[in-house]
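Chain by chain, the residues run as shown.
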Amino acid sequence: MSLNSIMNIATSGLKTAQSQLRVTADNIANVDTPGYIRKVADQSAAVTNGYGSGVDVMRVRLATDRFLQAASLSAGSDAARQTVRYELYDQIQNQFGDPSSDTNFFAQVDKLFATYATLAESPTSSAGRQDTIYKTQAIFNQAAGIASQIQSARQEADGRLLSAVETVNPLLEQIAKLNKTIAAGTVTNEDVTGAQNAQLGLINELSKYMDVKVEARSNGGVTLRTNTGTTLVGEGAATLSYQAAGTVDAMTAFSDIMITEPSGTRWPLLDGVSSGQIRGLVEMRDVDAPAAAARLGELTAKLADELNRAHNANSSVPAPTALTGRNTGQSLENALTGFTGATTISTVNASGVVQASARIVFSGGTMTINGAAADPTTFLSVLNAQLGGTATASFSDGQLRLDGAGGNGVAIADDATSPSTKGGRGFSHWFGLNDLVTTTTPTFYETGLTLTSQHGFDPGESLTLRFAGPSGARLRDITVSVPAGTGTMGEMLGALNDPITGVGRYGAFSLDAAGKLSFKAYDPSATSMGVVNDNTTQDPTGVSMSQLFGLGATGSTRAGAYSVRSDIQQDPGKLALAQLNLSAAAGTPALSKNDGRGGLALGDVGKKNVAFAAAGGNAGGTKTLSSYAADFAGEIGGKASAAKTRSETASALAKEADSRRTSAEGVNMDEELVNMTTFQQAYNASARLIQASKDMYDVLIGILQ
């Protein structure tokens, strides 16, 4: 071996040791830098013509472990998803109050029933009436407040989605730019670990918003995809776009979050994102919060309906001089069709003595009033004739109204053995003639309509329905127009279920025996339906099709719709606590101020079995209001607890994954000190080899002289 070869070997060893020491120094300097990945200088032997010619640093790389990196990114993404869901769901749970406290919303419902039962013992107590009315209104005010806060949580989630999109786009752009820097440095064999470290930090940040898969590129840099294969960074960066909804309510139809891949292909982002804050926020906005709103809407609607059921069976003393019904959403002919059983409308004087009575016996599409034949078209005229001028019945804008004449009041009572009924409600209850709790739109959806009933909507009016997949991304918006024809519900169902212009590809609408219109998807786990737009207006009531039938999320709006009747709030004496005695002897009072039977009926509302509709993931079924409220309380608390557990578990897993990743990729001071000693010794050995070569040169030159 020549002296030149020895000198070259020593020089290469000196340079290699210098590079390794420099890498070690960088590692030691960044021992406490969060996210820093230690660098490694890979050394290799140089060989020329089969002989060793020194050493060289092939490359300086990061000590990454792709398996630990993937586990860390996945765990961090899931932790972000579960944490944001818990944060917002906890806000909702707090609105209902502490489940263990007797002051929470659900406890107040049971206390309200007890208040009515107490009032029944002293029905003439003005203070008791006022307190009961106040507590009734307070319950509905609280329900409205909770409903509003649920929508506020959804609005916050929607706003945070926009912020997430605005954060993700710059991250993708920076990662793509660093790809170019790394690729250029790799070609010229430069140290690009600084750029790689910065890029990995950006990827870690990106994984908080969505799931990320990292694939190394052969020319340097990375390709990023979601777990379902959507490209985030490749030959350029993807771009996310989203239009936030602004003000959010139960019926808000949200825009899709779209992603335009580097290739130009545009997709709904949710089809490709299964984790991260974006997924958590969407789940909270579109699943968790709407479920709570739907359950609250169902509970509040049934509470109002059952209080009204009891109140319509009662009367105030003296009887009210006018009874004005709710907006039924139907024509009088439709509204009267389908009743069975019997009811009695009586006019009474100030002393409670009956002045006239009209006993209505329903039989399918016909009826008799005090034995006189009538049908839906002649109902008002026959009824007014039988009341003999003591009261007048009228119908306008979907509302039935009874006005007493000559100072007489009006009271209604169903037959004890064969009470009137339609859709599970008695005559007065169905028309809402003596409701305790009022609302401006229909809040129960058993319409009593049949396939041959007139729906009341004009041809050409339309309803736009949105179908979404299991990810929440929009599948299709379908606009269904009211068909021209005879205007029957059968024709409307045909238009809705049409496989070409209707929803027939996704499921089918049906009308049950109570007149409730419902949609059932062929695959409920893969398809959900909502209302995007509804410009239908029923004649003469003015309600829309979605309001009349409770389509989409309409049912969730009910919690904020109720109020104790204004005249009862102003005059507690109008609270109906007595019941009309149909068997009272002629000339004797049929109503008594001391009658508390109506109060007992109101107090028993919580004990009566009620048919609850499916809402918010709950299958519904028959149970008491108190039981439903208790179940709902347990569900809210259970979901909040489960969300907290998921968040804590996911965070713990993320912490463990990060710890293992850091252990493999982070700087170990003991290891770096050993490396520094080793590289220093290598440097010294190379230096001594150079010195030895110099000495040999000197000896050789001395010999030649």
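Now for a quick tour of the structure. Keep in mind that this is a model prediction, so the values were computed, not measured. (Residues numbered from 1 in each chain as written. Predicted model: local features only at pLDDT ≥ 70, side-chain atom pairs only at ≥ 80, totals over all residues. Heavy atoms only, no water.)

Counting its regular elements, the protein chain contains 15 helices and 26 strands. Seen along its three principal axes, the alpha-carbon backbone of the protein chain occupies a region of about 155 × 55 × 30 Å. The buried share of the protein chain, taken over its 705 residues, is 47%. Here the contacts in the protein chain between residues at least 6 apart in sequence split such that 67% fall between residues at least 24 apart. Side chains of the protein chain carry 53 positive and 65 negative charges; the gap between the two charge centres is 2 Å. (Helix = DSSP H or I, 4+ residues; strand = E, 2+ residues; numbered from the N terminus. Buried < 20%, exposed > 50% of the residue type's maximum accessible area, 1.4 Å probe, protein only. Contact = heavy atoms within 4.5 Å. Lys, Arg positive; Asp, Glu negative; His and termini not counted. Charge placed at Lys NZ, Arg CZ, Asp CG, Glu CD.)

Let's shift gears to the packing of aromatic side chains. In the structure shown here, the tally under the stated rule is 18 aromatic pairs. Between the aromatic rings of Phe 140 and Tyr 562, the centroid separation amounts to 5.7 Å while the plane-to-plane angle is 50°, which identifies the pairing as tilted. A residue pair is termed long-range when its members are at least 10 positions apart, and Phe 140 in helix 4 (residues 126-187) and Tyr 562 in the loop between helix 11 (545-549) and strand 24 (563-564) qualify at 422 residues. Exposure remark for Tyr 562: the relative accessible area of 7% places this residue in the buried category. Chaining the aromatic ring pairs together yields one cluster made of Phe 339, Phe 362, Phe 379, Phe 427, Trp 430 and Phe 431. Positioned above the aromatic ring of Phe 254, the side-chain terminus of Arg 285 is 3.9 Å from the ring centre. Above the face of the Trp 430 ring, Arg 326 is positioned so that its terminal group lies 5.2 Å from the ring centre. (Phe/Tyr/Trp six-rings, centres within 6.5 Å; stacked < 30°, edge-to-face > 60°. Lys NZ or Arg CZ within 6 Å of the ring centre and 35° of its normal.)

Another point: the pairing of strand 13 (residues 366-369). Judged by which residues are buried, strand 13 turns out to be one-sided: Met 367 and Ile 369 face inward and are buried, whereas Thr 366 and Thr 368, on the alternate face, are not. Pairing geometry for strand 12 (residues 354-363) and strand 13, over 4 bridges, is antiparallel. By the bridge assignment, Ser 363 is partnered in strand 13 with Thr 366. Hairpin remark: strand 12 followed by strand 13, antiparallel, with 2 residues in the connecting loop; positive phi at Gly 364, about 65°. Relative to strand 14 (residues 372-374), strand 13 runs antiparallel, the two sharing 3 bridges. Counterpart to Met 367 in the pairing with strand 14 is Ala 374. As consecutive antiparallel partners, strand 13 and strand 14 are separated by 2 residues, and within that stretch Asn 370 has a phi angle of approximately 55°, a positive value. (Pairing = 2+ DSSP bridges.)

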